[in-house]
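Summary of structural features
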Amino acid sequence: MITAAQMRAARALLGIDQKRLAELSGVSLPTIQRMEASEGNVRGVVDTLSKVVEALDAAGIELIGDHAPSTGQGRGVRFKEAAGRGKTG
């Protein structure tokens, strides 16, 4: 549904901290911190995940899944291919 990296990137695009995301979503700050500290897909209660996704959507963030086209018109960032993850240079 959403990865920890997507959550961190979404916050960066919005210029908000974890506390503000918690406020916008109605989720506790420790829950946001735990979600962002996880590896890969965020796991948790579906209702909690939905609240975060809905808050990001309301703030103008489009979450793009693997192999999914973007429906947005603005600029964005995504990996070109899975093999390129983690490489720099």
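Let us look at the structure shown here.

Each value, and the rule that gives it
Residues numbered from 1 in each chain as written. Predicted model: local features only at pLDDT ≥ 70, side-chain atom pairs only at ≥ 80, totals over all residues. Heavy atoms only, no water. Axes fitted to C-alpha atoms, helices over the stretch in contact; angles between N-to-C directions. Helix = DSSP H or I, 4+ residues; strand = E, 2+ residues; numbered from the N terminus. Parallel < 35°, antiparallel > 145°, perpendicular 65-115°, else oblique. Contact = heavy atoms within 4.5 Å. Nonpolar A, V, L, I, M, F, W, Y, C, P; charged D, E, K, R; others polar. Salt bridge = Lys/Arg side-chain N within 4 Å of Asp/Glu carboxyl O. Buried < 20%, exposed > 50% of the residue type's maximum accessible area, 1.4 Å probe, protein only. Arc of directions from axis to C-beta.

This brings us to the packing of helix H1 (residues 4-14) against helix H3 (residues 29-37). Running from N to C, H1 and H3 cross one another at 120°; their axes reach a closest spacing of 7 Å. Classified by the angle between their axes, H1 and H3 sit oblique to one another. Between H1 and H3, the contacting residues are Ala4, Met7, Arg8 and Arg11 on the first element and Ile32, Met35 and Glu36 on the second. Here the contact of H1 with H3 is composed, by residue class, of 4 nonpolar, no polar and 3 charged.

A separate point is the pattern of salt bridges. Under the counting rule described, the total for this entry stands at 3 salt bridges. With a closest N to O distance of 3.2 Å, Arg20 and Glu23 form a salt bridge. Within this pair, Arg20 and its partner Glu23 are both found in helix H2 (residues 18-25), separated by 3 residues, close to a single helical turn. Taking the shortest distance from any N to any O, the salt bridge between Lys51 and Asp47 comes out at 3.8 Å. Here the residue Lys51 and the residue Asp47 both occupy positions in helix H4 (residues 46-58), the gap between them amounting to 4 residues, near one helical turn. A relative accessible area of 33% places Lys51 in the partly exposed class.

Those residues of H3 lying buried are Thr31, Ile32, Met35 and Glu36. Considered in projection along H3, the buried side chains sweep an arc of 130° and stay on one side of the axis. Looking at H3, the residues exposed on the side facing more than 90 degrees away from the buried face are Pro30 and Ala37. On its buried side, H3 packs onto H1, H2 and H4.

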